Amino acid sequence: MASRRRARQRALQILFLWDARRPQPQVPDALNQYYDSLYHEEQPHRDPFVDDLVRGTVDHIAELDDRIQRHAEHWRIERMPAVDRNILRLAVYEMTHVGTPAPVAIDEALELARKFSNEESVQFVNGVLDAVSRELASRKT
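Enquirer: Talk me through the packing of aromatic side chains; I want residue IDs and the actual numbers.
Expert: Considering all chains together, one arrives at one aromatic pair under this definition. Consider the rings of tryptophan 75 and phenylalanine 124, whose centres lie 5.8 Å apart with planes at 55°: the pair is tilted. Of this pair, tryptophan 75 sits in the loop between α5 (61–71) and α6 (82–98) while phenylalanine 124 sits in helix α8 (residues 119–140), placing them 49 residues apart in sequence. Under the relative-accessibility criterion, tryptophan 75 is labelled partly exposed at 36%. Judged by relative accessible area, phenylalanine 124 falls into the buried class, the value being 19%.

Enquirer: Explain α5 to me, and be specific about the residues and the numbers.
Expert: Taken as a whole, α5 has its buried residues at Ile61, Leu64, Asp65, Arg67 and Ile68. Buried residues of α5, seen end-on, are gathered within an arc of 165° and therefore sit on one face of the element.

Enquirer: Before we move on, could you go through α8 and cite the residues and values that matter?
Expert: Here α8 spans 32 Å end to end across 22 residues, near enough to the 32 Å set by a 1.5 Å rise per residue. Inspection of α8 places Ser121, Val122, Phe124, Val125, Val128, Leu129, Ala131, Val132, Ser133, Glu135 and Leu136 among the buried residues, and these make up the whole buried set. Its buried side turned inward, α8 meets α5, α6 and α7 (102–116). N-capping of α8 is provided by asparagine 118, with a side-chain oxygen placed 3.0 Å from the backbone N of glutamate 120.

Enquirer: Summarise the packing of helix α4 (residues 48–59) against α6; cite the residues concerned and give the values.
Expert: Across the interface, α4 lies against α6 with an axial gap of 10 Å and an inter-helix angle of 95°. On the basis of the axis angle, α4 is roughly perpendicular to α6. The segment α4 lies against α6, with Phe49, Asp52, Leu53, Gly56 and Thr57 engaging Arg89, Leu90, Tyr93, Glu94 and Val98. Per-class residue counts for the contact of α4 with α6 are five nonpolar, two polar and three charged.

Enquirer: Outline unusual backbone geometry, supporting the account with residue identities and numerical values.
Expert: In the Ramachandran plot, histidine 74 falls in the positive-phi region, its phi being about 65° despite a non-glycine side chain. When you line up the elements, histidine 74 lands in the loop between α5 and α6.

Enquirer: Break down the pattern of salt bridges for me, with residues and values.
Expert: Applying the stated criterion to the full structure yields 14 salt bridges. Measuring nitrogen to oxygen at the nearest pair gives 3.5 Å for the salt bridge that ties arginine 89 to aspartate 19. Here aspartate 19 lies in helix α1 (residues 3–20) and arginine 89 lies in helix α6, a separation of 70 residues in the sequence. Arginine 89 gets classed as buried once you look at its relative accessible area, which sits at 2%. Note on aspartate 19: relative accessible area 10%, which makes it buried. One salt-bridge network, in which partners are shared between bridges, spans Arg5, Arg8, Glu94, Asp107 and Glu108.

Enquirer: Tell me what's going on with the side chain of threonine 57, and back it up with residues and numbers.
Expert: Relative to the helices and strands, threonine 57 resides in helix α4. Excluding residues within four positions of it along the chain, threonine 57 makes contact with Leu15, Leu64, Arg89, Leu90 and Tyr93.

Enquirer: How would you summarise the environment of phenylalanine 16 if you had to cite specific residues and measurements?
Expert: Mapped onto the elements, phenylalanine 16 comes out in helix α1. Take phenylalanine 16: its relative accessible area is 37%, and that puts it in the partly exposed class. A sequence separation of 69 residues divides phenylalanine 16 from arginine 85, and the C-alpha atoms of the two residues are 8.9 Å apart. If we skip the residues at most four places from it in the chain, phenylalanine 16 touches Ala82, Val83 and Asn86.

What counts and how
Residues numbered from 1 in each chain as written. Predicted model: local features only at pLDDT ≥ 70, side-chain atom pairs only at ≥ 80, totals over all residues. Heavy atoms only, no water. Phe/Tyr/Trp six-rings, centres within 6.5 Å; stacked < 30°, edge-to-face > 60°. Helix = DSSP H or I, 4+ residues; strand = E, 2+ residues; numbered from the N terminus. Buried < 20%, exposed > 50% of the residue type's maximum accessible area, 1.4 Å probe, protein only. Arc of directions from axis to C-beta. Expected span 1.5 Å × (residues − 1). Contact = heavy atoms within 4.5 Å. Polar contact = N/O pair within 3.5 Å; in protein donor to acceptor, adjacent residues only side chain to side chain. Axes fitted to C-alpha atoms, helices over the stretch in contact; angles between N-to-C directions. Parallel < 35°, antiparallel > 145°, perpendicular 65-115°, else oblique. Nonpolar A, V, L, I, M, F, W, Y, C, P; charged D, E, K, R; others polar. Salt bridge = Lys/Arg side-chain N within 4 Å of Asp/Glu carboxyl O.

That's the geometry; what it means functionally is another story.
Shown next as C-alpha cells:
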C-alpha cells in the first residue's frame with residue numbers, strides 16, 4: 001500500500017477518535033493516543049503527513065463542514081455517519097488546502113469509504129466530493 005494512502009487511513013482513524021470525543025480530546029491528545037496505542041505496533045515514528053492532515057482538517061473544520069453541508073443534500077453534517085463525515089472533511093481539506101488534485105482526493109476518499117464504511121457511503125461520498133470538485137473548478141475559471 002502506498003505510504004500516502006496509509007497516511008490517509010491513519011489520519012481518518014485519528015479524526016474519527018477526535019470527532020467521537022469532541023470537544024475532548026484536543027488534537028495533540030488524539031494524535032498521542034493514536035501513536036501510543038494502535039500506531040505503535042505498526043511503525044515507531046510519527047508521520048508528518050498524518051499530523052498535517054489531522055491538524056489542518058481540524059483547524060479548518062468550520063469551513064470544511066460548511067462546504068460539505070452545501071453539497072450534501074438533505075444531510076446535516078452532525079447527522080452523517082462519523083466515518084463518512086470525516087472522510088469528506090479529509091478529502092475536502094486536501095482539495096482546498098493541500099493542493100491534492102480533486103480526482104486523486106476523490107479516489108482516495110472512495111477507497112477509505114470502501115474500507116471503513118459501506119457501498120451506500122461510497123456513493124454518497126462520491127456525490128458530495130464530485131459537487132465540491134465542480135464548485136472549486138468553476139471558481140478557478
